[in-house]
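# Descriptive structure summary
So you can see what is in the structure, the chains are spelled out below.
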Amino acid sequence: MIQPDSGGADASAASLEVDGVVVDFQGLRAIEDVSLTLRPGEILGLIGPNGAGKTTLINVLTGFQAVTQGSVRLGGVDIAGWKPHERSRRGLVRTFQSVLPFAGLTALENVEAGGVAIGLVRGEARAEAVRILSEMGLAHAANRKAGTLPFGEERRVGIARAIAMRPRFLLMDEPAAGLNDAECRDLQTIVRGICVSLSCGVLFIEHRMSMVFELCHRIQVLQLGRTLALGPTDAIRADPKVRKAYLGEDEVSPC
Ligand SMILES: Nc1ncnc2c1ncn2[C@@H]1O[C@H](COP(=O)(O)OP(=O)(O)OP(=O)(O)O)[C@@H](O)[C@H]1O
């Protein structure tokens, strides 16, 4: 597996960094002092049982959830005051499990909307969308309404739209949910491709552990809002406290 750049002050300045974040919901502490670093070109798995705080952390990163304490920095800049659309314009992009908000648009229009959202003029966004759809094997679907596509293709349209936003960091919340084995393998190829060709850092939240283990360079494990473990994939896979808390003693389910 190709390892991303992992060291030096330059790497930190180019990274997405969460520092000491706390999130409270009316008396419930959902996140307790979590720090996280995502480097360009790396795939960082974020795993943990239900309620561990993974989605809340994504919402913090995308600007939909305010923090009670702590900071988020993009390329060394504190982004606390940035609105969600400013974050995505500057390269902090997330994928959704479904393209449903745009289900009535064609696949091409969906991907074009990604380019327009980051400020491309329509013609440029369209040309880019045609190229991305073709690279993702979706050229045949360009003029079909996204909501009428097979599930796996609809999911890929959502990822294509994210790619059109030229992500520096891509946040993927359960991208494999509902996909079959072949679609999971396609997804892995796509994620690796994004990582290498765009030098994009990917935060990969997924319950399918076989996929997390195959794809991720490092894994951070959350439990009850705290970081239980963080390290290279092989070390996390073998960590007894992670196995006890999350993985169980049995081997993981296949993807
Ligand atoms: N808007 C909210 N108001 C109150 N509590 C919330 C809110 N959002 C999340 N929580 C609580 O915060 C904790 C973390 O939830 P979160 O959804 O981030 O976990 P998760 O790791 O993403 O879980 P899952 O794997 O089930 O998606 C849970 O106890 C949840 O009930």
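Residues numbered from 1 in each chain as written. Predicted model: local features only at pLDDT ≥ 70, side-chain atom pairs only at ≥ 80, totals over all residues.

## Some words on the site of the ligand
As a matter of local geometry, the ligand sits amid Phe-25, Leu-28, Ala-30, Gly-48, Asn-50, Gly-51, Ala-52, Gly-53, Lys-54, Thr-55 and Thr-56. Mapped onto the shell around the ligand, the elements with two or more residues apiece are β2 (28–38) and α2 (54–62). The element best represented in the shell around the ligand is α2, accounting for three residues. Among the residues forming the shell around the ligand, the class breakdown is four nonpolar, six polar and one charged. (Near = placed C-beta within 6 Å. Helix = DSSP H or I, 4+ residues; strand = E, 2+ residues; numbered from the N terminus. Nonpolar A, V, L, I, M, F, W, Y, C, P; charged D, E, K, R; others polar.)

## Re the sheet that holds strand β5 (residues 77–78)
Reading across the sheet, the four strands line up as β2-β1-β4-β5 and stay open at both edges, with antiparallel pairing between neighbours. Each edge of the open sheet is held by one strand with a lone partner, namely β2 and β5. Packing against the sheet, α2 makes contact with β1 (16–25), β2 and β4 (69–74), and its axis sits at approximately 65° to β2. (Pairing = 2+ DSSP bridges. Contact = placed C-beta atoms within 7 Å. Axes fitted to C-alpha atoms, helices over the stretch in contact; angles between N-to-C directions.)

## Concerning the domain arrangement of the chain
Segmentation of the chain into domains returns domain 1 (13–91 + 167–245) and domain 2 (99–165). The centre of domain 1, based on its C-alpha atoms, is set 24 Å off from the matching centre of domain 2. Within the residue set of the side of domain 1 that touches domain 2, elements represented by two or more residues are α3 (84–89) and α7 (181–197). Counting residues per element, the side of domain 1 that touches domain 2 draws most heavily on α7, which supplies three residues. Its residues assigned to classes, the side of domain 1 that touches domain 2 shows five nonpolar, two polar and two charged. (Domains from an automatic or database assignment.)

## What to know about helix α5 (residues 122–135)
Between its first and last C-alpha atoms α5 spans 20 Å; for 14 residues at 1.5 Å apiece the expected length is 20 Å, and the two agree. Residues of α5 that are buried in the fold lie against α4 (107–117) and α6 (151–164). Positive backbone phi, at 70°, marks Gly-137, one or two positions downstream of α5. (Expected span 1.5 Å × (residues − 1).)

## Section: α2
At 3.6 residues per turn, the α-helix brings residues three or four places apart onto the same side. Turning to α2, its buried residues are Lys-54, Thr-56, Leu-57, Val-60 and Leu-61. Viewed end-on, α2 has its buried residues packed into an arc of 160°, placing them on one side of the element. Two residues or fewer past α2, Gly-63 is found with a positive phi of approximately 90°. (Buried ≥ 20, exposed ≤ 12 C-beta atoms within 10 Å, placed from the backbone. Arc of directions from axis to C-beta.)

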